[in-house]
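What the coordinates show
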Amino acid sequence: MNASKLPFVDAIRRTYGSPRALAETKRAAEAGDALAQFRLACVLMGEGDIRGGTRWLKQAVAQEVAEAQTMWGLVKFAGDGTPEDKAAGLSLLHKAAAKGEPEAKFWLGSVLLEGDDPAVGPKLIQEAATLGHAKAQALVGAWHIDGDRLPQDPAAGAGWLEKAAAQGHAAAQLALARMLVQGAGVAPDLPRALHWFEQAADQGSADAQATLGHAYRVGLGVTPDPRAARRWYQKAANLGQPEAIGWLGWAYYQGEGVQADKPKGLQLLRQAADAGHTESRFILAMILQDDGTAVDAPEARRLLELAADANHVPAAFYLSKVVDDPARAAELRLRAAEAGLVDAQKAMAVAAADEATAVTWWERAALQGDAEAQYRLAALLFEGDGVARDEARALPWLQRAAEHGYADAQEALRIAYTQGRGVAEDPEAAVAWARKAADQGVRAAAYFLGVCYRDGYGVPKDEALAARWYGRAAEAGYPDALLAAAIAHHDGAGVPKNLELARRYARGAAEAGLASAQFFSAMLLLEGPAEGQQEGLDWLARAAEQGYPRAVALLAELQKRSPT
């Protein structure tokens, strides 16, 4: 401990360091005033005049000034600019502590804590904390939080941290801010947390600066601001904080809050990865695997190995995709799934040896809100494929997936309400879910809406709207819709008659293999010009080959009429 760096030295220097105050203090010191001698020693030592300061400090010690005894005791104990004499140093600290000097209690307690009297050490430090010593308060707070040397009591710990934080103790400010974010021992309070992060950051805490960068990047208690995030990351990176260096690299790579500069981004990410930042190792591995400008698969795999060894869950999962050993791949995938990674849980479900195991993994992913997992779980329960069929259990999962916007789930829910599967038939609900699915490009849902408007199912009959929905699904290539659109244009149902469009739509459905469309195409061609007759007969034959009754009957009739 450098005695000239003690908190009261700086405070005294600020008070008595002006030329006028210094002159008055010197006159009083020369006249034998013990406190003036101590103050003069603090000013001189704080300004780097250790020799002059020490001379006055010794005189104050001789007059039993407790703070002077503390300073000289620390100097002697550490051998800081004078021959080391631990016994003399401890004797002076004992004298000052006995007089109630907080700094002496703290340092004597710290020495005893690590030495021959570990029981007295914590007691002295607690006394120093009670007397307002910031470092002691921070240490007592940490003991309560960790249950180390004091009973575990996070709320009491937070109280001591706040006392130290209020005195400007940066580490206490940072620790308290983290507790307020996590709600550990205190109620979560993001505004207060940000206040303390900012206080610690302004004192040069690189960890606090990096945390503020993250807060502004993701919008933790503040409006997301990529530029503010980049500024805080830069401050922390300038102090060598690996996490900040990594996220700053990502900002440059992506162009978040700064002009994109991929080479600089990669350089910073490598710097953070080399410094041991696990997340940077993972991000760099993903870039090296997937970015065509920087592909380096062996290096990516090495980085994934390092990140996975540091228990980075996504790294373990992605590593499972590239390792050559199937058993290790399965172990990595299981580790990531057990740790709660949704993608790994879904991969476990897909790779499951039986449907019951698949249901278990789909359900674990579904419980985390993954819409695909919710849909897949519902599908297995609806069908009872390898597990007990349970439509009542399936429907809530299907509902959740649909409400999360998963299009396949919306279409499945439409079918459930149409067929009364797991729920009472409800045409209006079916139409509502069909609209949502159709708006996401589900062709079957758009076709269904056309049928609804044609037949008045859940909506008033409206041939024009029916034709519009048919047309939407038809343009997307849905076979049944192509046939329905062909019939609408042939009959002029909701759209003007247009035989050319009718033939085009019918041919599309016929080429998709729809037997009824093949028959309808045949009829359109056989009723038309002579040049289309042979094609019409070909389509009629193809429909008959599929067993379409009307095609079979007509083909037989035509064969009877044909001369042998």
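Values in this document were obtained by computation on a predicted structure and should not be read as measured data. (Residues numbered from 1 in each chain as written. Predicted model: local features only at pLDDT ≥ 70, side-chain atom pairs only at ≥ 80, totals over all residues. Heavy atoms only, no water.)

**Quick look at the packing of helix α25 (residues 407–419) against helix α26 (residues 427–439)**
As a packed pair, α25 and α26 sit with axes 8 Å apart at the nearest point and diverge in direction by 160°. On the basis of the axis angle, α25 is roughly antiparallel to α26. Two packed elements cross with a definite hand, and for α25 against α26 that hand is left-handed. Taking contact as the criterion, the partners of Ala407, Gln410, Glu411, Leu413, Arg414, Tyr417 and Thr418 in α25 are, on α26, Ala429, Ala430, Trp433, Ala434, Lys436 and Ala437. Residue classes in the contact of α25 with α26 are distributed as eight nonpolar, two polar and three charged. (Axes fitted to C-alpha atoms, helices over the stretch in contact; angles between N-to-C directions. Helix = DSSP H or I, 4+ residues; strand = E, 2+ residues; numbered from the N terminus. Parallel < 35°, antiparallel > 145°, perpendicular 65-115°, else oblique. Left-handed = near helix turned anticlockwise from the far one by under 90°. Contact = heavy atoms within 4.5 Å. Nonpolar A, V, L, I, M, F, W, Y, C, P; charged D, E, K, R; others polar.)

**Observations concerning the pattern of salt bridges**
Inspection of every chain in the model, using the stated rule, returns 26 salt bridges. Measuring nitrogen to oxygen at the nearest pair gives 3.7 Å for the salt bridge that ties Arg20 to Glu24. With Arg20 and Glu24 both in helix α2 (residues 19–30) and four residues apart, the pair spans about one turn of that helix. Arg20 gets classed as exposed once you look at its relative accessible area, which sits at 68%. For Glu24, a relative accessible area of 41% puts it in the partly exposed group. Taking the shortest distance from any N to any O, the salt bridge between Glu299 and Arg302 comes out at 2.8 Å. (Salt bridge = Lys/Arg side-chain N within 4 Å of Asp/Glu carboxyl O. Buried < 20%, exposed > 50% of the residue type's maximum accessible area, 1.4 Å probe, protein only.)

**Some remarks on unusual backbone geometry**
Phi at Arg149 is positive, roughly 75°, even though this residue is not glycine. Locating Arg149 in the fold gives a position in the loop between α9 (134–146) and α10 (154–166). Classification of Arg149 as partly exposed rests on a relative accessible area of 42%.

**Some points on the packing of aromatic side chains**
In this structure the tally under the stated criterion is nine aromatic pairs. Consider the rings of Phe317 and Tyr318, whose centres lie 5.7 Å apart with planes at 70°: the pair is edge-to-face. Between Tyr375 and Tyr406 the ring centres are 5.5 Å apart and the planes differ by 40°, which places this aromatic pair in the tilted class. In this pair, Tyr375 is assigned in helix α23 (residues 371–383) and Tyr406 in the loop between α24 (391–403) and α25, connecting sequence segments 31 residues apart. Residue Tyr406 is classed as partly exposed on the basis of its relative accessible area, which comes to 23%. Put simply, the rings of Phe282, Phe317 and Tyr318 pair up and form one aromatic cluster. When the ring centre of Trp160 is taken as origin, the NZ or CZ atom of Lys163, which lies over that ring, is 5.9 Å away. (Phe/Tyr/Trp six-rings, centres within 6.5 Å; stacked < 30°, edge-to-face > 60°. Lys NZ or Arg CZ within 6 Å of the ring centre and 35° of its normal.)

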